[in-house]
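If you want the building blocks of each chain, they are given just below.
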Amino acid sequence: MHLADCSVQFDRRIRARRYSAPGRTRLRLHVRETRSKTHGSPIPMPELHYLDEARLNALDAEYFQTREPFPWINPEALLTPDAFQVLYGTLPDISLFEKNFGKARKFGQQSHDRYSLDYRPDLPLADHWHAFIAELNGPHGQLFFSRMLGVRSVVLSCHWHYTPNGCSVSPHCDAKRKLGSQIFYFNTADDWDPSWGGETLNLSSDKPLKPDSAPSLDDFGHIIASEAVGNRSLLFARTDHSWHAVREINAPPDALRKVFILVIEAGGLAGRLHRLIGKGGY
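All figures in this text were calculated on a predicted structure; none of them were measured in a lab. (Residues numbered from 1 in each chain as written. Predicted model: local features only at pLDDT ≥ 70, side-chain atom pairs only at ≥ 80, totals over all residues. Heavy atoms only, no water.)

## Some thoughts on the overall build of the chain
Part 1 of the argument: For the chain, the helix and strand inventory stands at six helices and 13 strands.
Part 2 of the argument: Looking at the 282 residues of the chain, the share that counts as buried comes to 51%.
Part 3 of the argument: Here the chain has roughly 13700 Å² of accessible surface; of this, 50% comes from carbon and sulfur atoms. (Helix = DSSP H or I, 4+ residues; strand = E, 2+ residues; numbered from the N terminus. Buried < 20%, exposed > 50% of the residue type's maximum accessible area, 1.4 Å probe, protein only. Areas by Shrake-Rupley, 256 points an atom, 1.4 Å probe, with all protein chains shown as cover.)

## Some remarks on unusual backbone geometry
Part 1 of the argument: Of note, the amide linkage connecting Glu68 to Pro69 takes the cis form, showing an omega dihedral of 5°.
Part 2 of the argument: One can find Pro69 in the loop between helix H2 (61-65) and strand S3 (72-73).
Part 3 of the argument: At Ala77, a residue that is not glycine, the phi angle is positive and equals roughly 60°.
Part 4 of the argument: In this fold, Ala77 is placed in the loop between S3 and helix H3 (81-89).
Part 5 of the argument: On the accessibility criterion, Ala77 (14% relative accessible area) is buried.

## With respect to the sheet that holds strand S7 (residues 169-172)
Part 1 of the argument: Spatial strand order, S7-S12-S9-S10: four strands in an open sheet with antiparallel pairing. Strand pairing shows two members of the sheet lacking a second neighbour, S7 and strand S10 (222-225), which therefore form its edges. Ignoring strand direction, the axes of neighbouring strands in this sheet form an average angle of 25°.
Part 2 of the argument: Both S7 and strand S12 (residues 244-246) contribute to a ladder of two bridges, which runs antiparallel. Looking at S12, one finds that Val169 is bridged to Val246. (Pairing = 2+ DSSP bridges. Axes fitted to C-alpha atoms, helices over the stretch in contact; angles between N-to-C directions.)

## Concerning the nonpolar core
Part 1 of the argument: Counting 43 residues, the largest nonpolar core has Trp129, Phe132, Phe145, Trp160, Phe186 and Phe260 as its most contacted members.
Part 2 of the argument: Looking at this core, the elements that each hand over two or more residues are H2, H3, strand S5 (114-118), helix H4 (127-136), helix H5 (139-149), strand S6 (154-163), strand S11 (233-237) and strand S13 (257-266).
Part 3 of the argument: With sequence-adjacent residues up to four places away left out, Phe145 is seen in contact with Leu136, Val154, Leu156, Gln182, Leu235, Leu262 and Ile264.
Part 4 of the argument: Residues Ile183, Ala228, Val259 and Ile261 belong to the second largest nonpolar core, which totals nine residues. (Core = buried A, V, L, I, M, F, W, Y, C linked by side-chain atoms within 4.5 Å. Contact = heavy atoms within 4.5 Å.)

## Concerning the confidence of the model for the chain
Part 1 of the argument: Scored by pLDDT, the chain has a mean of 83; 78% of the residues are at 70 or more.
Part 2 of the argument: Below pLDDT 50 for its whole length, residues 1-43 participates in 111 contacts with residues either more than four positions away or in separate chains. (pLDDT = per-residue confidence, 0-100.)

## Observations regarding the sheet that holds S3
Within a sheet, neighbouring strands are paired by backbone hydrogen bonds and run either parallel or antiparallel to one another.
Part 1 of the argument: On the basis of which strands lie adjacent, the open sheet formed by seven strands has the order S3-S11-S8-S13-S6-S5-S4 and antiparallel pairing. The open sheet terminates on both sides in strands that have one partner only, identified here as S3 and strand S4 (98-100).
Part 2 of the argument: The sheet contact formed by S3 and S11 spans two bridges and is antiparallel. Looking at S11, one finds that Trp72 is bridged to Phe236.
Part 3 of the argument: Running at roughly 30° to S13, H4 makes contact with S6, strand S8 (178-185) and S13 of the sheet.

Structure follows, in structure tokens:
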């Protein structure tokens, strides 16, 4: 396991804009300053750019928005090489995670079994993770997500999933309140063999399927597997046919599929009302 770097205690003072949507805290983060608890002297934030701005700008929003079977893209290296290495090396320890196994889902869908951790500013994470999430909420991240999804502003929430052998993600469409998601994959060739699975599957069917149903993989005639090892991510927009899944993982007992997921929702008053009402929470 990769242990979070907590060798130095930090007093991270973060302003958070909170929305009281059911089940999750949404944060727009503004990191002010980091200081030592023992001496009170400033500790400089890591001098590292996490997002590769040139690669973000090179992605074509029109191409993304018109893809089939729904808007998706599986780019490589949206994180700078140094950023990917330091985030990979300081992933949260599994002791921080909740066990989510055997929980019933709406519409009769199979349980999505995994260890889960929702981001909070007070989590004992390596400082690079707090800084990365602040950068996602900064101007470059906001501009990128708004441009790709065709909206004026977005609100982000985020979480980690670690998935062990024998678990899967059954076919589903995300909640209606979401504009989309971006999955950052955090396995490399050093700890994961692609033959073990773990890639997100984009699904489409020749027959209409309602998003409030529970189809199996056999109901989809077209399956596109993402690249999920190394510095890769998957960005997709939520629609009533944005079906996706992960096949049952066939990996050694000590291996974990590790992902960091951004949930993207609309900003502004309409987005806030949608979250407060909690429409389409599946």
